[in-house]
Amino acid sequence: MSQINIRFPDQSVKTFEKGTTPLAIAQSISRGLAEKCVVADVNGKQVDLTTPINEDASIKLLTTDTPEGMQVFWHSSAHVMAQAVKRLWPEAKFEDGPPTEAGFFYDIFLPRAISQEDFPKIEAEMEKIAKEKLSYSRKELSRSEAMEFFKSIGQDFKLDIIQNIPDGQTISSYTQGEFTDLCRGPHIPHTGLIKAFKVMSVAGAFYKGDENNIQLQRLRAISFPSKKQLDEYLTMLEEAKRRDHRKLGKELELFLITPAIGGGLPVWLPNGTVLRRTLENFIKEELIKRGYQEVITPHIGNLNLYKTSGHYPYYSDSQFAPIKVEDEEYLLKPMNCPHHHQIYSSKPHSYRDLPIRLAEFGTVYRYEQSGELTGLSRVRGFTQDDAHIYCRHDQLKDELVNAVELTQLVFKTFGMDVTTRLSFRDPQNAEKFAGSPEMWEQAQREIKEVADSMNLIYQIGIGEASFYGPKIDFIVKDALGRKWQLGTVQVDYVMPERFELEYIGADNQKHRPVIIHRAPFGSMERFLSILIEHYAGNFPTWIAPIQVAILPIADGHVAYGEQLKTRFESEKIRSSVDARNEKIGYKIREAEMKKIPYILVIGDKEVADTKVAVRRHGKGDQGAVTLENFIKDIREKIETKSQD
RNA sequence: GCUGGUGUAGCUCAGCUGGUAGAGCAACUGACUUGUAAUCAGUAGGUCGACGGUUCAAUUCCGCCCACCAGCUCCA
């Protein structure tokens, strides 16, 4: 009997009999590993634990403690859910059921609408299937066998998938119990490993992601190898919901969205306005340092402007209808750029003038579909911290670097995790993108060179470019794990042509400038939504709407409290006095719930010594300090933009 | 826009199978003059999202619309 060498991740090598399986190898190491192990990585390819190994190999045993293991675990769970649905409603037809970042879903065609009342039934059936400890058995099929089989069980969507599998790729099915699904695998050894299920939601999903197709029912669920892990996950979800900016926005009186004004048209309340203005002032200071000039442009513009730019034809279905005034038509501005281009072209420019950097907090209006509106994250009126940099081609890279650095400064200042995407055009979908293929190749190459020179870690998003050029996009996740694009830096060779922008070069000839569009925050509204969730409403002192709550213990201390407030005003410290006739515990509770960073309790002792008793939000009593020391400390926190 | 769900006082929520609504907190009034997360008592507050229908009677049943929530599609 021949032997083979198996190499482990720690580089140790052990000898096994030829034809051994990852499961047997796991069992030879420890029983615990064998029980937790769900799939194996053999020579870089994931396989079932029961797959025989017939030659020397490197192996990695993946347990449910690894992200890869959980992906397989959830994928296998999706099959269990499909089986459960099939048992409950035999007429169900299945499309696709992949794992996700948290759990899995299956797209199902079923004439009957699945509702929340059905979830417990589905979960119960899934638990039954788990208890049956059905093993997943793999079978490889020819295309015709696969077509014949899935036709015989009426799974029409699978036929379509089979037809789209490229030649030469193995077609396989997995069977557990009476249920067989088309699947490339791999899978966990048996359904008994899945100990806890929770069906989360059902929603429509267009077949193949095309809104002209029928809608399937997307059943989302999550599963775990233990009940405890499920409970922890559900608790984590509850925590996340508490950070939701829509909830905190109401509780902390930051903003208001009311049908009386209109969906997706947020109103900034006094507290939220402080927050937003503080961020705007922060960026304005940076713009001054970096040679930007501020401009202001109107909220509407002649429709012809947007016909020239191409925004109107490209996005006419997501703009508010034009307004007719006398014989002209005007559009609520969906973008600031055409206005800025008019500023550029209002006078001739020398190559010596460039770059020209025009910045504006410009409010734009877009008709977003009603189903898309989400708090401050997706709205119909929002303000971009926009700027357009008109530069010579030899200045482009430096200007791009500068713009990316500014964006990075923003995220660093707030300690936010961000991922970077280079958004390129999709050559398969060329009609969506203006300009020549050569222009696109050049602009994309330039963006990539800048990203590489700055050692950015990025993904490339094909088809994510804007119609006039590629972008470097900065993407963050909200409390519920949804991804949103915030900052963006874009290269544009199209608009200079369309608006016939030019400068006179050293050669006394006319040249086209290149435009960089950039917005470090992106949309102030969306940025604030993420910021609120990032801090869970516990804002660092420098941006907190109210920085200091002054709490007099009794009526006799209110006058001193008012003196403190006046002093704080002169020091540019935002404070409020709670002069109500309430016990100190009550006032403290309220100030804590408002998440005010500093709480000052003042009574006889403080009045006598010109001191303040400091309590930090969430940290309790810090003891008394002199007023002057307190002011010095908090001013430092504000000036250094401390996270504290 | 599409699929499913939700809509009751300022906020958070209760209200079984139809008989015009209730709690806690907040607000207001009074008492208490208070030392680190809720003092006590009282008062007031609702076209039960809008409109239409069925019914002797609709917050409750039906229809249509609106808003919000989850997802899909879209996102300059």
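Residues numbered from 1 in each chain as written. Chains lettered and ligands numbered in written order. Predicted model: local features only at pLDDT ≥ 70, side-chain atom pairs only at ≥ 80, totals over all residues. Heavy atoms only, no water.

Asks: I would appreciate a short explanation of a nonpolar patch on the surface in the present structure.
Replies: Together, Ile300, Ile323 and Val325 make up a nonpolar patch on the protein surface, roughly 210 Å² of accessible area in all. Relative to the helices and strands, isoleucine 300 resides in strand E17 (residues 300-302). (Patch = residues over 30% accessible without salt bridge, like charges linked within 9 Å, V, L, I, M, F, W, Y side chains within 5 Å. Areas by Shrake-Rupley, 256 points an atom, 1.4 Å probe, with all protein chains shown as cover. Salt bridge = Lys/Arg side-chain N within 4 Å of Asp/Glu carboxyl O. Helix = DSSP H or I, 4+ residues; strand = E, 2+ residues; numbered from the N terminus.)

Asks: Looking at this structure, I do not really get the layout of surface pockets. What am I missing?
Replies: Remark: the empty space left among the atoms is shown by a probe the size of a water molecule rolled over them. If you add up the space inside the largest pocket, you get close to 1600 Å³. As for the largest pocket, its lining consists of 43 residues, of which Tyr315, Arg366, Glu368, Arg378 and Lys471 are closest to the centre. Elements supplying a minimum of two residues to the lining of the largest pocket: helix H11 (311-315), strand E21 (381-391), strand E25 (483-492) and strand E28 (514-519). Top contributing element to the lining of the largest pocket by residue count: E25, with 6 residues. Grouping the constituent residues of the lining of the largest pocket by class yields 15 nonpolar, 15 polar and 13 charged. Along its surface, the second largest pocket is lined by 35 residues, and His75, Ser172, Cys183, Arg184 and Gly185 are the ones closest to its centre. (1 Å grid on protein atoms, 1.4 Å probe; cavity = no way out; pocket = protein on both sides within 12 Å on 5 of 7 lines; lining within 4 Å. Points joined across faces, edges and corners; volume = space filled by probe spheres on them. Nonpolar A, V, L, I, M, F, W, Y, C, P; charged D, E, K, R; others polar.)

Asks: Could you clarify how one ought to interpret the protein's contact with RNA strand B in this entry?
Replies: As a matter of local geometry, RNA strand B sits amid 57 residues, with Gln215, Met335, Ser370, Glu372 and Asn581 nearest to it. The sugar-phosphate backbone supplies 46% of the atoms of RNA strand B found within 4 Å of the protein. In this structure, a sugar or linking oxygen belonging to RNA strand B sits 2.9 Å away from a side-chain N or O atom of tyrosine 315. Here tyrosine 468 contributes a side-chain N or O atom positioned 3.3 Å from a sugar or linking oxygen of RNA strand B. Going through the elements one at a time, strand E12 (196-206), strand E13 (215-224), helix H8 (245-251), H11, helix H18 (584-593), helix H19 (604-609) and strand E32 (611-616) are the ones with two or more residues in the surface near RNA strand B. (Near = heavy atom within 4 Å. Polar contact = N/O pair within 3.5 Å; in protein donor to acceptor, adjacent residues only side chain to side chain.)

Asks: I keep staring at the nonpolar core and nothing clicks. Help me out?
Replies: As a rule of thumb, soluble globular proteins bury nonpolar side chains together. By size, the foremost hydrophobic cluster in this structure holds 98 residues, and its most contacted members are Phe414, Phe527, Phe568 and Phe630. A total of 8 residues in this core trace back to one element, the largest contributor, which is helix H13 (residues 396-414). Shared between two domains, this core takes at least three residues from each, and those domains are domain 3 (255-535) and domain 4 (548-639). Discounting chain neighbours no more than four positions away, the residues touching phenylalanine 568 are Val548, Ile550, Ile573, Ser575, Leu600, Leu627, Phe630 and Ile631. By size, the runner-up hydrophobic cluster in this structure holds 44 residues, among which are Trp74, Val80, Ile129 and Ile188. (Core = buried A, V, L, I, M, F, W, Y, C linked by side-chain atoms within 4.5 Å. Buried < 20%, exposed > 50% of the residue type's maximum accessible area, 1.4 Å probe, protein only. Domains from an automatic or database assignment. Contact = heavy atoms within 4.5 Å.)

Asks: What's the story with helix H9 (residues 270-289) in this structure? I'm lost.
Replies: Given 3.6 residues per turn, any residue in an α-helix points the same way as the ones three and four places further on. The first and last C-alpha atoms of H9 sit 29 Å apart over 20 residues, in line with the 28 Å expected at 1.5 Å per residue. Turning to H9, its buried residues are Gly272, Leu275, Arg276, Thr278, Leu279, Glu280, Phe282, Ile283, Glu286 and Leu287. Packed against the buried residues of H9 are strand E15 (267-268), strand E20 (356-365), E21, H13, E28 and helix H16 (524-535). Directly beyond the C-terminal end of H9, a positive phi value near 75 degrees is found at glycine 291. (Expected span 1.5 Å × (residues − 1).)

Asks: Would you mind showing me how to read empty space enclosed by the protein here?
Replies: Within the structure shown, the criterion is met by 1 cavity of 30 Å³ or more. Taken as a whole, the largest cavity encloses approximately 40 Å³ of empty space. What lines the largest cavity is Ile283, Leu287, Glu294, Ala359, Glu360, Phe361, Asp385, Asp386 and Arg518. Elements that contribute at least two residues to the lining of the largest cavity include exactly H9, E20 and E21. Considering every element that reaches the lining of the largest cavity, the biggest residue donor is E20, with 3 residues.

Asks: Is there a simple way to explain the sheet that holds strand E19 (residues 328-332) in this structure?
Replies: The strands that make up a sheet are held in pairs by hydrogen bonds between backbone atoms, and each pair lies either parallel or antiparallel. One open sheet holds the 3 strands; their spatial order is E17-E19-E18, and the pairing between them is antiparallel. The two strands at the open ends of the sheet, each matched to only one other strand, are E17 and strand E18 (323-325). Within this sheet the neighbouring strands show an average axis-to-axis angle of 35 degrees, counted without direction. Two strands pair when backbone bridges link them, and E17 and E19 are joined in this way by 3 bridges, in the antiparallel orientation. What sits directly across from glycine 301, in E19, is leucine 331. (Pairing = 2+ DSSP bridges. Axes fitted to C-alpha atoms, helices over the stretch in contact; angles between N-to-C directions.)

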